Amino acid sequence: MAENSHVDLGFVEKTDTGKLSCQYFPSKVGGKPAWLSLSSLPSPNQILCSKCNNICVFLLQVYAPIEDDDNSFHRTVFVFLCKNPNCHQPNSSVPFIALRSQLPRINDFYSPDPPTPVTPVPDNGDKLCVVCGISGPKCCSKCHSRSYCSKEHQIIDWKKGHKLNCNECKEDKTTNTSQVLFQEYELLIEDEEFQKEEEKSEPEKKEELHSFLKSEKASSLLQDCSSEELEKMSNQSEDKVFLKFRKRIDHAPEQVLRYDRGGCPLLVSSDNKPDKIPNCTCGAQRQFEFQVMPQLLCHLGVDQVGDSIDWGTLCVYTCSANCYHGNQYQQEYLWKQDYSK
Ligand SMILES: [Zn+2]
Ligand SMILES: [Zn+2]
Ligand SMILES: [Zn+2]
Ligand SMILES: [Zn+2]
């Protein structure tokens, strides 16, 4: 499976926001999520940071339908994260949230035909928070015309302009959400142009050696080896994994995403590999689908000195059976791998 797989790369590009709304099935970074299913949206409680209990912010979505699967005629995977750097832990799935939505060609929201430049936004969806774009079960108690996911976002909207516009008859579209949302980009997907130089490169061999050294089989075989020796070997191969990572992305250093459903992620370190991926709630195993690269940090405005969000790579795993739950969103799994220290 992994051997013959080819990788698609994602690059960010500034674009007209109109192109990124849901009826065009975009892949995108930042801004508000362009939901696929427009009802049964995840509740704000399902998008809370498990550390600080605040609402997580939309990071990106990848539109990735699956051929030969009628229930995946449309299919999008969404990633959210908590913006508080204190909630981020090394090599963890906290505080990230991954969600999958898929729809058949005949569905409750979109025409079975491809969208045109004048296709309107479907209007039969759930109410959305005007600040962050997730579902908004709360509303302004005075004018009842603005929806919010949480009290926090209602306060932000009030301070940022709704205070002046509440009770006015005109529609209020003034909210400045830049302090909450990441900068918005289109995510362009292209083939990776990369030729394997040989059957198995040195780094790959080293990586294999390293996994072997970590295995139980190795520890019984290598009982004569001192633990110091094992440590040395493993540090060496650790560098090689990182070198392989660097070498591979040097072909297209601007890549922010690598898509290879059913393949293997390109890891940044041989430490803390994502090897305990929980099964989907349907019982099927999850498989690797895509990874978010560190280059994306440069575009989000968070890559600054001091306390900041950081990652080596974010690996997203989704149900291998691609289980279908109608208009509902299905929780998937994200593993953050950091560089080894
Ligand atoms: Zn948090
Ligand atoms: Zn909100
Ligand atoms: Zn109001
Ligand atoms: Zn499943």
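Not measured: the values here are computed from a predicted model.

J.: For this particular structure, what's the right way to read the packing of aromatic side chains?
T.: Any two aromatic rings considered together are summarised by their centre-to-centre distance and by the angle between their planes. Considering all chains together, one arrives at twelve aromatic pairs under this definition. Relative to Phe245, the ring of Phe242 lies with its centre 6.2 Å away and its plane at 20°, an arrangement referred to as stacked. With Phe242 and Phe245 both in helix H4 (residues 227-249) and three residues apart, the pair spans about one turn of that helix. Phe245 sits in the buried class, given a relative accessible area of 1%. In textbook terms, an aromatic cluster arises when at least three aromatic residues are bridged by ring pairs, as seen for Trp35, Phe58, Phe78, Phe80 and Tyr329. Its end group placed over the ring of Phe182, Lys83 keeps NZ or CZ at 4.7 Å from the ring centre.

J.: Explain the coordination of the zinc ion (ligand 2) here, please?
T.: The expected angle between donors at a tetrahedral four-coordinate metal is 109.5 degrees. At an octahedral six-coordinate metal it is 90 or 180 degrees. Cys129 (SG), Cys132 (SG), Cys149 (SG) and His153 (ND1) make up the full set of protein donors to the zinc ion (ligand 2), lying at 2.0 to 2.4 Å. Relative to the metal, the four donor atoms surrounding the zinc ion (ligand 2) lie at angles of 95 to 120°, and the coordination shape comes out tetrahedral. The sequence pattern describing where the donors of the zinc ion (ligand 2) fall on their chain is C-x2-C-x16-C-x3-H. You can see Cys132 sitting in the loop between strand E5 (96-103) and strand E6 (138-139) and its partner His153 sitting in helix H1 (residues 151-165), a full 21 residues away along the chain. Grouping residues by exposure puts Cys132 and His153 together as buried.

J.: Could you clarify how one ought to interpret the nonpolar core in this entry?
T.: Soluble globular proteins: nonpolar side chains tend toward being buried together. One finds Trp35, Leu59, Leu60, Phe80, Phe290, Leu296 and Trp311 to be the most contacted residues of the largest nonpolar core, which totals 62 residues. Among the elements of the structure, strand E3 (57-63), strand E4 (74-81), E5, strand E8 (185-191), strand E9 (257-259), strand E10 (286-292), helix H5 (297-300) and strand E11 (313-319) are those that each provide at least two residues to this core. Beyond its immediate stretch of four places on either side in the chain, Phe80 contacts Pro33, Trp35, Ile47, Cys56, Val57, Phe58, Leu59, Pro95, Phe96, Ile97, Leu99 and Ile134. Val241, Cys315, Tyr333 and Trp335 belong to the second-largest nonpolar core, a separate cluster that totals seven residues.

J.: Would you explain the coordination of the zinc ion (ligand 3) in this entry?
T.: Within the protein, Cys140 (SG), Cys143 (SG), His162 (NE2) and Cys166 (SG) serve as the donor atoms for the zinc ion (ligand 3), at 2.1 to 2.4 Å. Note that the zinc ion (ligand 3) binds four donor atoms; their angles at the metal cover 105 to 116°, and the shape is tetrahedral.

J.: How should the pattern of salt bridges be read in this particular structure?
T.: Once their charged atoms are close, side chains differing in charge can pair, the charge on each being opposite to the other. Counting across every chain of the model gives eleven salt bridges. With a closest N to O distance of 3.3 Å, Lys19 and Glu186 form a salt bridge. With a gap of 167 residues between them, Lys19 in the loop between strand E1 (8-13) and strand E2 (28-29) and Glu186 in strand E8 connect regions that are remote in the sequence. Under the relative-accessibility criterion, Lys19 is labelled partly exposed at 44%. For Glu186, a relative accessible area of 15% corresponds to the buried category. In this structure, Asp157 engages Arg146 in a salt bridge whose closest nitrogen and oxygen atoms are separated by 2.7 Å. On the criterion of sequence distance, the pair formed by Asp157 in helix H1 and Arg146 in the loop between E6 and strand E7 (147-148) is long-range, its members being eleven residues apart.

J.: I would appreciate a short explanation of the pairing of E8 in the present structure.
T.: Looking at chain direction, E1 and E8 are connected through six bridges and run antiparallel. Bridge assignment links Glu13 to a residue of E8, and that residue is Glu186. Note: E2 against E8, two bridges, orientation antiparallel. Each bridged residue has a counterpart across the sheet, and for Lys28 the counterpart in E8 is Glu186.

J.: Please explain unusual backbone geometry as it appears in this structure.
T.: Most peptide bonds take the trans form, and the phi angle of most residues other than glycine is negative. In this chain, Val94 is followed by Pro95 through a cis amide linkage whose omega measures -5°. Among the secondary structure elements, Pro95 is positioned in the loop between E4 and E5. Of note, the phi angle at Asn322 is positive, near 55°, even though the residue is not glycine. With respect to the helices and strands, Asn322 occurs in the loop between E11 and strand E12 (330-337). For Asn322, a relative accessible area of 5% puts it in the buried group.

J.: Is there a simple way to explain the environment of Asp16 in this structure?
T.: Take Asp16: it is sitting in the loop between E1 and E2. As for Asp16 and Tyr185, which are separated by 169 residues in sequence, their C-alpha atoms are 8.8 Å apart. Polar contacts involving the side chain of Asp16 include one to the main-chain amide nitrogen of Gly18, which spans 3.0 Å.

J.: Is there a simple way to think about H1 in this case?
T.: The α-helix advances 3.6 residues per turn, and as a result positions three or four apart in sequence lie on the same side. With 15 residues, H1 should cover 21 Å at 1.5 Å per step; its first-to-last C-alpha distance of 18 Å lies more than 12% under that length. The sharpest bend along H1 reaches about 65° and sits at Lys159. At the exit of H1 stands Asn167, carrying a positive phi of roughly 75°.

J.: Any chance you could explain the side chain of Ser72 here in plain terms?
T.: By secondary structure assignment, the location of Ser72 is in the loop between E3 and E4. One polar contact links Ser72 to Asn322, side chain to side chain, over a distance of 2.6 Å. What Ser72 contacts, discounting residues up to four positions off in sequence, is Pro65, Ile66, Gln102, Leu103 and Asn322.

What counts and what doesn't
- Residues numbered from 1 in each chain as written.
- Chains lettered and ligands numbered in written order.
- Predicted model: local features only at pLDDT ≥ 70, side-chain atom pairs only at ≥ 80, totals over all residues.
- Heavy atoms only, no water.
- Phe/Tyr/Trp six-rings, centres within 6.5 Å; stacked < 30°, edge-to-face > 60°.
- Helix = DSSP H or I, 4+ residues; strand = E, 2+ residues; numbered from the N terminus.
- Buried < 20%, exposed > 50% of the residue type's maximum accessible area, 1.4 Å probe, protein only.
- Lys NZ or Arg CZ within 6 Å of the ring centre and 35° of its normal.
- Donors = N, O, S within 2.8 Å, 3.2 Å for Na, K, Ca; no water.
- Tetrahedral: all angles 85-135°; square planar, octahedral: opposite > 155°, others 65-115°.
- Core = buried A, V, L, I, M, F, W, Y, C linked by side-chain atoms within 4.5 Å.
- Contact = heavy atoms within 4.5 Å.
- Salt bridge = Lys/Arg side-chain N within 4 Å of Asp/Glu carboxyl O.
- Pairing = 2+ DSSP bridges.
- Polar contact = N/O pair within 3.5 Å; in protein donor to acceptor, adjacent residues only side chain to side chain.
- Expected span 1.5 Å × (residues − 1).
- Bend = angle between axes of the 7 residues up to and from the residue.

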